[in-house]
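Structural overview for review
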Amino acid sequence: MNKNSNNTKKPKGIVPYLLIGVGLLFFLLMLVWPLAEVIYRSLKEGLEVYGAAITAKNTLAALKITLIATVIAVVVNTFFGLCASWLLTKFDFRGKQLLSTLIDIPFSISPVIAGLAFIMMFGRTGWAKPAIDWINDLLGTDISLVFSVPGVVLATIFVTFPFVSRELIPVMQAQGTSEEEAAVMMGAKGGNIFRRVTMPHIKWALLYGIILCTARAFGEFGAVYAVSKARGKTFTLPLEIDALYMAGGAESITQAFAVSSLLVLLSIVILILKQIVENRGRQGLK
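Residues numbered from 1 in each chain as written. Predicted model: local features only at pLDDT ≥ 70, side-chain atom pairs only at ≥ 80, totals over all residues. Heavy atoms only, no water.

Side note on empty space enclosed by the protein
- Considering all chains together, one arrives at one cavity of 30 Å³ or more under this definition.
- Roughly 40 Å³ of internal volume is contained in the largest cavity.
- Around the largest cavity sit T66, A69, T70, T156, A217, F218, E220, V224 and T236, which together line it.
- Those elements that place two or more of their residues in the lining of the largest cavity are α3 (57–90) and α11 (190–219). (1 Å grid on protein atoms, 1.4 Å probe; cavity = no way out; pocket = protein on both sides within 12 Å on 5 of 7 lines; lining within 4 Å. Points joined across faces, edges and corners; volume = space filled by probe spheres on them. Helix = DSSP H or I, 4+ residues; strand = E, 2+ residues; numbered from the N terminus.)

What to know about the pattern of salt bridges
- Enumeration over the complete set of coordinates arrives at six salt bridges.
- The closest approach of N and O atoms between D104 and R166, which form a salt bridge, is 2.8 Å. Taken together, the residues D104 in the loop between α4 (96–103) and α5 (105–108) and R166 in helix α9 (residues 163–175) connect sequence positions 62 residues apart.
- Given a relative accessible area of 21%, R166 falls into the partly exposed group.
- The salt bridge involving R216 is made with E220; its shortest N-O contact spans 2.5 Å.
- Assessed through its relative accessible area of 27%, R216 is described here as partly exposed. (Salt bridge = Lys/Arg side-chain N within 4 Å of Asp/Glu carboxyl O. Buried < 20%, exposed > 50% of the residue type's maximum accessible area, 1.4 Å probe, protein only.)

With respect to the side chain of T66
- By secondary structure assignment, the location of T66 is in helix α3.
- On the basis of relative accessible area, T66 is assigned to the buried category, the value being 2%.
- A distance of 2.9 Å separates a polar atom in the side chain of T66 from the backbone nitrogen of L237.
- In contact with T66, other than residues within four places in its own chain, are F218, T236 and L237. (Polar contact = N/O pair within 3.5 Å; in protein donor to acceptor, adjacent residues only side chain to side chain. Contact = heavy atoms within 4.5 Å.)

Re the environment of I272
- Counting through the fold element by element, I272 comes out in helix α14 (residues 250–285).
- Among the residues examined, I272 registers a relative accessible area of 48% and is labelled partly exposed.
- For the pair I272 and Y40, spaced 232 residues apart in sequence, the C-alpha separation works out to 21 Å.

Here's the deal with the side chain of S148
- By the element assignment, S148 lies in the loop between α7 (129–139) and α8 (149–159).
- Accessibility expressed as a relative area gives 12% for S148, which makes it buried.
- One polar contact links the side chain of S148 to the main-chain carbonyl oxygen of S144, over a distance of 2.6 Å.
- Not counting residues within four places of it along the chain, the set of residues in contact with S148 comprises V227 and T234.

Topic: the nonpolar core
- Counting residues in hydrophobic clusters, the biggest one holds 19 residues, and the most contacted among them are F122, V152, A155 and V224.
- For this core, the secondary-structure elements that each account for two or more residues are α3, α6 (111–122), α8, α12 (222–227) and α13 (237–246).
- It is α8 that contributes the most residues to this core, five residues altogether.
- With near-sequence residues (within four places) excluded, V224 lies in contact with V152, A155, T156, T236 and L239.
- V74, L82, V164 and L168 belong to the second largest nonpolar core, which has ten residues in total. (Core = buried A, V, L, I, M, F, W, Y, C linked by side-chain atoms within 4.5 Å.)

Quick look at the packing of aromatic side chains
- Enumeration according to the criterion identifies six aromatic pairs in this entry.
- Relative to F122, the ring of F118 lies with its centre 6.1 Å away and its plane at 15°, an arrangement referred to as stacked. Note that F118 and F122 are positioned in helix α6 at a spacing of four residues, about one turn of the helix. The same class applies to F118 as to F122, namely buried.
- Both rings, one in F118 and one in F158, keep their centres 6.1 Å apart while their planes meet at 90°; by these two values the pair is edge-to-face. Of this pair, F118 sits in helix α6 while F158 is found in helix α8, placing the two residues 40 residues apart along the sequence.
- With relative accessibility at 14%, the residue F118 sits in the buried group. (Phe/Tyr/Trp six-rings, centres within 6.5 Å; stacked < 30°, edge-to-face > 60°.)

Focus on helix α2 (residues 47–54)
- Listed in full, the buried residues belonging to α2 are Y50, A53 and I54. Across the axial projection of α2, the buried residues extend over an arc of 85°, all falling on one side. (Arc of directions from axis to C-beta.)

Things to note about the packing of α3 against α4
- Where α3 contacts α4, the two axes come as close as 11 Å, and the packing angle between them is 150°. Relative to α4, α3 is oriented roughly antiparallel. In the packing of α3 onto α4, the handedness of the crossing is left-handed. Together, F80, A84, L87 and L88 of α3 and K96, L99, S100 and I103 of α4 make up the contact between the two elements. (Axes fitted to C-alpha atoms, helices over the stretch in contact; angles between N-to-C directions. Parallel < 35°, antiparallel > 145°, perpendicular 65-115°, else oblique. Left-handed = near helix turned anticlockwise from the far one by under 90°.)

Have a look at this one:
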């Protein structure tokens, strides 16, 4: 075999370097510069103003709701993603293609429409409202699924629905079923087969899907905006940033940038975790 067959050829001529330059320029203008501007504007008035903005009552309430919605959405969608991926890759059944298509619905529907759909379903005129009222009367509770924290959680779950399963399905399809079938023939049970045979192959894809799901949940705006009601009660960080910026005052705009920096920092942390998982995943394939 030719020793140079696996070597990558070095670019020749000016065209490759022009393409690299255009790519770097686009990256700087569209990604680095705007994020740097957010950090600069958030610290422009000093650390005291910045600290007051990120520790304000409404900001802390929005951060709390964001974390609650994110954690619940990640847990729910991780469980669903594992179940759906196992079902779609390990079994043949009628309606398999339909289920695979339904998983992708959040990718094709505007988040705002999803939020409005929840209002029409669980709101005061929704078809599920009588059932909710009956449960409240039975239990003596005051459960509400729109314009409340549960509504925010539902909207976040919807928009992050496909991320875990769409990372797992290709990996589990490539793995095939031969190892699981061999384990069954040797007398292994379902739980042991998943833990000892399937999980080692999919663990990095699973972590990658969880990271993507988390990033999407942190930044969701449209669907949550439709089912939220008031600052300090149901607003998440993106909604709090929008409310501060739309207030129009110089102080509130500075506060908006300060709160935005929290999301930027969270994004950087998620990006670092994503890169670590990708590197570990590549090492595991070698």
